[in-house]
Structures are given as structure tokens and as C-alpha cells.
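# A closer look at the structure
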Amino acid sequence: MTSPEIKNPPTSLFKKLKFLGPGFILSASIVGSGELIATTVLGAKGGYITFWVILVSCLVKVAIQLEFGKNAIITGKPLMTSFSSLPGPKNWAVWSTFLLTLFKILQLGGMIGGAAIALSMLLPQVSPIILAFILGAVTSLLIYKNYYSIVERTSMFMVVGFTVFTLASVIALSYSPFGFTFSDVASGLTFSLPSDLIFVAIGAFGITGVASDEIIAYTYWCLEKGYAKYAGENDGSEEWKSRANGWIKIMYLDAIVAMVIYTVVTAAFYLLGASILYGNQDIPTGNQLIETLANIYTQTLGENARLAYISGAFFVLFSSVFATLAYWTRLFPDIFGELGWIAYDDLKTRKTWVAILAWVLPILWAIAFAFVELPAFMVLSGGVIGSVLLLLVVYAAIQFRIKNSTLNLASGFLTTILFWLSVISIGLVSIYGIVKLF
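Okay, so let's go over this structure. The shown structure was predicted, so the numbers you read here are calculated from the model rather than taken from an experiment.

### Brief notes about the overall build of the protein chain
Counting its regular elements, the protein chain contains 21 helices and zero strands. Residue pairs in contact within the protein chain that sit at least 24 positions apart in sequence constitute 86% of those at least 6 positions apart. When the accessible surface of the protein chain is summed, it comes to about 17,900 Å², and 66% of that surface belongs to carbon and sulfur atoms.

### Regarding helix α7 (residues 92-103)
Taking 1.5 Å as the rise per residue, α7 with 12 residues should run 16 Å; its terminal C-alpha atoms sit 17 Å apart, in good agreement. Among the residues of α7, those classed as buried are A93, V94, T97, F98, L100 and T101.

### Topic: the packing of helix α8 (residues 105-122) against helix α18 (residues 306-338)
Relative placement of two packed helices is described by the angle separating their axes and the distance separating the axes. The geometry of α8 relative to α18 is characterised by a closest axis approach of 9 Å and an angle of 150 degrees between their N-to-C directions. Compared by their axis directions, α8 and α18 come out roughly antiparallel. Pair α8 / α18 crosses with left-handed handedness. Between α8 and α18, the contacting residues are I105, L108, M111, I112, G114, A115, A118, L119, M121 and L122 on the first element and R306, L307, I310, S311, F314, L317, F318, S320, V321, T324 and W328 on the second. For the contact of α8 with α18, the per-class residue count stands at 16 nonpolar, four polar and one charged.

### A closer look at unusual backbone geometry
Most peptide bonds adopt trans geometry, and most residues besides glycine take a negative phi value. Positive phi is not limited to glycine here, since N91 has a value of about 60 degrees. Examined against the element boundaries, N91 turns out to sit in the loop between α6 (79-84) and α7. On the accessibility criterion, N91 (7% relative accessible area) is buried. Although it is not a glycine, N408 sits at a positive phi angle of roughly 55 degrees. Checked against the element boundaries, N408 lands in the loop between α20 (375-404) and α21 (413-437).

### Focus: the environment of T349
Within the secondary structure, T349 is located in helix α19 (residues 347-372). Since its relative accessible area comes to 24%, T349 is described here as partly exposed. Measuring from C-alpha to C-alpha, the distance between T349 and P333 comes to 9.1 Å, with 16 residues separating the pair along the chain. Those residues in contact with T349 that lie beyond four places of it in its chain are I342 and A343.

### Quick word on the pattern of salt bridges
Pairing between side chains of opposite charge can happen when their charged atoms approach one another. If you walk through the whole model with that rule in mind, you get three salt bridges. Here E67 and R401 are joined by a salt bridge, their closest N and O atoms 2.9 Å apart. Of this pair, E67 sits in helix α5 (residues 62-75) while R401 sits in helix α20; the two residues are 334 residues apart in sequence, bridging distant segments of the chain. The residue K104 makes a salt bridge to D213 at a minimum N-O spacing of 3.1 Å. Of this pair, K104 sits in the loop between α7 and α8 while D213 sits in helix α13 (residues 212-225); the two residues are 109 residues apart in sequence, bridging distant segments of the chain. Its relative accessible area of 2% is what places K104 among the buried residues. Under the relative-accessibility criterion, D213 is labelled buried at 9%.

### A closer look at α18
Taking 1.5 Å per residue, 33 residues should reach 48 Å; α18 reaches 48 Å between its end C-alpha atoms and fits that length. A large share of α18 lies buried, amounting to 25 of its 33 residues. Of the residues trailing α18, G340 is marked for its positive phi of about 80 degrees.

### What about the nonpolar core?
Ranked by size, the top nonpolar core spans 123 residues in total, and within it I64, F68, F83, M251, Y262, I335 and W365 carry the most contacts. Of all the elements, helix α15 (residues 238-280) adds the most residues to this core, at 17 residues. Aside from chain neighbours lying at most four places away, what touches I335 is M80, V94, T97 and F98. Listed in part, the six residues of the second largest apolar core include V170, L173, F178 and A268.

### Some details on the packing of α7 against α18
In the contact formed by α7 and α18, the axes pass within 10 Å of each other and the chain directions differ by 140 degrees. On the basis of the axis angle, α7 is oblique to α18. For the crossing formed where α7 meets α18, the hand is left-handed. Contacts between α7 and α18 involve V94, T97, F98, T101 and L102 from the first element and W328, L331, F332, I335, F336 and E338 from the second. Classifying every residue of the contact of α7 with α18 gives eight nonpolar, two polar and one charged.

### Details of a nonpolar patch on the surface
Where nonpolar side chains cluster on the molecular surface, the patch consists of F133, I356, V360, I363, L364, I367 and F371 and spans about 620 Å² of accessible area. Here the element with the most residues in the nonpolar patch is α19; it accounts for six residues. Inspection of the secondary structure assignment puts V360 in helix α19.

### Examining the packing of aromatic side chains
As enumerated under the stated definition, the model contains 23 aromatic pairs in all. Plain terms: the ring middles of F98 and F332 are 5.8 Å apart, the flat faces sit at 80 degrees to each other, and that makes the pair edge-to-face. Here F98 is found in helix α7, whereas its partner F332 is found in helix α18, with 234 residues between them in sequence. Each member of the pair, F98 as well as F332, carries the same accessibility label: buried. Judged by centre distance (5.0 Å) and plane angle (40 degrees), the ring pair of Y230 and W247 falls under tilted. With Y230 in helix α14 (residues 227-231) and W247 in helix α15, the pair connects residues that are 17 residues apart, well separated along the chain. When sorted by exposure, Y230 lands in the same class as W247, which is buried. Clustering of aromatic rings is evident, with ring pairs tying together W95, F98, W328, F332, F336, W341, W353 and W365. The aromatic ring of Y344 is capped on one face by R350, whose charged end is 4.7 Å from the ring centroid.

So, how was this worked out
Residues numbered from 1 in each chain as written. Predicted model: local features only at pLDDT ≥ 70, side-chain atom pairs only at ≥ 80, totals over all residues. Heavy atoms only, no water. Helix = DSSP H or I, 4+ residues; strand = E, 2+ residues; numbered from the N terminus. Contact = heavy atoms within 4.5 Å. Areas by Shrake-Rupley, 256 points an atom, 1.4 Å probe, with all protein chains shown as cover. Expected span 1.5 Å × (residues − 1). Buried < 20%, exposed > 50% of the residue type's maximum accessible area, 1.4 Å probe, protein only. Axes fitted to C-alpha atoms, helices over the stretch in contact; angles between N-to-C directions. Parallel < 35°, antiparallel > 145°, perpendicular 65-115°, else oblique. Left-handed = near helix turned anticlockwise from the far one by under 90°. Nonpolar A, V, L, I, M, F, W, Y, C, P; charged D, E, K, R; others polar. Salt bridge = Lys/Arg side-chain N within 4 Å of Asp/Glu carboxyl O. Core = buried A, V, L, I, M, F, W, Y, C linked by side-chain atoms within 4.5 Å. Patch = residues over 30% accessible without salt bridge, like charges linked within 9 Å, V, L, I, M, F, W, Y side chains within 5 Å. Phe/Tyr/Trp six-rings, centres within 6.5 Å; stacked < 30°, edge-to-face > 60°. Lys NZ or Arg CZ within 6 Å of the ring centre and 35° of its normal.

Printed below as a string of C-alpha cells:
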């Protein structure tokens with residue numbers, strides 16, 4: 001008997017577009033701290049010379065993301081089930097993901113702190129630390145009450161608006177003393193990496209584009225979008241292979257469209273930081289981060305753009321915090337279930353843990369910001385940890401590809417070449433950065 005949830009994939013482009021979504025949820029998360037903080041800080045410190053790091057970071061990781069998405073559709077299971085079956089000691093990949101994600105609490109503290117600093121510039125009478133706890137409570141309430149769809153649409157609207165504003169600022173840059181030339185951009189494509197920029201570059205590589213977190217999160221969004229459910233359980237039939245192949249190709253389209261969007265935005269942020277902040281030797285630090293980054297806009301679009309920038313910065317950072325909490329409240333119960341701590345298959349138990357984590361995690365993030373109060377450093381430190389987690393992600397992607405290769409779904413010579421280029425590029429950059437750093 002055929003399940004009523006099974007659907008044949010659409011064939012026309014217009015109908016395919018209706019099933020896009022997981023990649024755009026990632027875009028709402030990606031166009032956040034990585035672009036607003038890590039990318040501009042790297043541009044401010046390195047000028048144009050490290051522009052290639054940003055482009056490579058955005059372009060090479062998508063093939064790994066596609067492999068994770070394909071595995072989710074084929075198995076129909078949450079990611080930790082696949083991680084628990086990776087070669088090696090039992091659950092080593094599950095434990096590694098758990099511990100490395102815990103270390104990234106510092107990064108999330110920087111993200112929620114950045115949003116609080118932006119909001120405090122609109123409400124100067126309230127301390128950024130107090131605002132961080134208030135934002136944490138608001139985020140918790142939105143996740144706990146399951147208002148995700150409303151907030152997602154609002155956040156996406158603000159991200160799109162801020163993206164348009166950023167691109168307008170790049171265009172305006174050409175009419176200012178800070179305008180850049182083609183030779184400036186070309187100088188950033190020579191694959192040079194000065195030793196004093198390694199920490200910032202590796203942090204930016206780990207957090208910009210589709211970072212390790214987003215690659216992992218993508219599997220949960222693919223499942224919730226329904227790609228695996230529509231394909232149905234693998235019964236070995238040609239009908240299932242045809243459906244799965246079609247839904248995997250739609251997932252490919254989703255990821256590639258999103259990649260184009262966040263690559264353009266990331267490049268824009270970098271060029272603005274390199275042209276304005278590097279030229280002024282004005283490097284963002286501490287609680288002055290958002291104020292310093294506001295110079296990108298005031299010096300290209302005038303002082304009247306300051307309020308628009310601060311408002312946009314707040315919603316970009318807040319939407320990123322929100323999307324991360326939505327992801328973590330899915331990841332941790334999956335981890336707990338795989339380690340045998342909770343009955344993950346019981347929906348009531350899973351919802352209870354989502355509610356608990358929705359309140360506990362933002363409090364921890366706000367506390368981290370209250371103690372450190374250096375959002376740029378906090379975000380970049382998370383990027384370095386993300387680069388370590390990325391090595392695990394790459395290893396898992398290789399195993400998924402080997403395991404699923406016999407099905408020969410949505411594969412070909414081009415996808416194979418792109419996949420191994422991604423593996424080699426990510427591996428070399430991550431290992432090189434980690435060795436140089438320590």
C-alpha cells in the first residue's frame with residue numbers, strides 16, 4: 001500500500017520553486033554573525049588580500065552540504081543515527097558533535113551580545129547585558145510557543161531588506177573616496193595568507209558560507225520540509241529510486257539558489273570592510289563593534305543611513321540567533337536519544353526537551369556575553385571551533401557518499417569532481433589553519 005504522504009517530485013521549474021525552503025532557512029542564519037562580524041573584521045584587518053578565503057568558504061562547502069541532504073532523504077532518519085554508524089569507536093562522532101557544539105556557546109554569546117549592542121544603540125538607557133538576557137527570553141518564548149513560521153517570515157523579510165541595503169552601499173562606495181577597483185579585487189585572489197591573519201581567516205572560513213553547523217542543520221530542515229517523507233521509505237524498487245532521485249535534485253536546486261544569495265552578500269560585506277575599515281585602520285573591537293561597522297554605511301550613504309544600519313544589524317543578528325536556537329533544540333534531543341539518555345522516538349519526550357533547551361540555551365549565551373563582552377572575539381572563536389567540526393563533517397560526507405554510491409542517485413562526473421574538490425579544499429585549509437594556530 002502506498003503512503004498518502006508519498007509524492008512524485010514536480011517536473012516544471014515553477015512547481016519546483018514551491019518546494020524550496022531549507023536553503024533559505026540557512027540563509028537567514030548564514031547572513032548574520034559570519035557576514036556582519038567575521039567577514040568585515042577579516043576585511044578590516046587584511047584588506048583585499050584575503051578576499052579569496054571568503055569566496056572559497058562560500059563555494060566549496062555546498063557539495064558537502066548536498067551529500068548530507070542526500071543522506072537525509074535516502075535514510076529518512078535524523079543525523080545522529082547516521083553519525084552513530086560511522087566507522088570507529090561507538091558514538092565517537094555523536095560525542096564529538098556534542099562537545100564541540102557546547103564549546104560554541106561562546107560564539108552564540110557573541111551573536112546575542114552583538115544583537116543586544118545594536119539594540120542598545122536604539123535604546124541607550126538600557127545596558128547591553130540586560131538587553132542580551134531580554135533577547136534570550138524573547139527567543140526562548142518564540143521557540144517554546146512554536147511561533148517559528150511567523151518569526152521566520154519576519155526575519156527573512158528583514159534579511160532581504162538588509163541585503164538590498166548592503167548591495168546599495170557597495171554601489172554607493174564607487175562614488176566615495178573609498179571606492180575599490182578591479183585590481184584591488186584581483187589582489188585578493190592570489191591565495192596569500194599572512195601569518196598575522198591566520199586566526200581571523202580560519203575563524204571566518206569556519207563561520208562564513210555554509211559552516212559546519214549549517215551543514216548539520218540542513219539535514220533537519222530537509223526532513224521537516226518533507227523531502228524524505230515524499231520520497232518514501234527505501235523499498236529497493238525502481239519507483240522509490242525515481243522519486244528519491246527527483247527530490248534530491250530539488251534539494252540540489254534549493255541549496256544552489258541559497259548559495260548564490262549568501263555568496264553575493266558575503267562578498268559585499270567583505271569588500272565594504274576592506275575598502276572602508278582597512279583604509280581607515282579602524283578595526284572593530286569590544287562593545288564598539290556595531291558602532292564601528294556602522295561607518296561602512298555612514299561613509300557611503302551618509303549619516304541618515306545610520307539608523308537603518310543599526311536596525312538592520314539587529315534583525316540580522318537576532319534572526320541568526322533565533323535560527324541557531326531552532327537548530328540546537330533539534331540537534332541536542334537527537335544527540336541525547338542516540339546516547340540513550342532520552343526516548344527520542346517518543347514525541348512527548350522530544351517536545352519536553354525542546355521546551356527545556358529553548359529556555360536554558362539562551363540564558364547560557366547571555367551569561368557568556370556578560371562575562372566576556374567581546375562579541376568579535378567570541379564569534380571568531382566559534383568559527384575556529386567550527387573549522388575543527390568541519391573536519392568531522394567532511395569525514396562523514398565521505399562515508400555517506402561511499403555508502404550511498406551504490407544507489408547512483410543524482411550523481412555524475414561533475415558532482416563527483418565538485419565533491420572531492422570540496423573535500424580537499426576544506427581539509428587543507430582547516431588543517432593548515434589549525435597547525436599554524438597552535
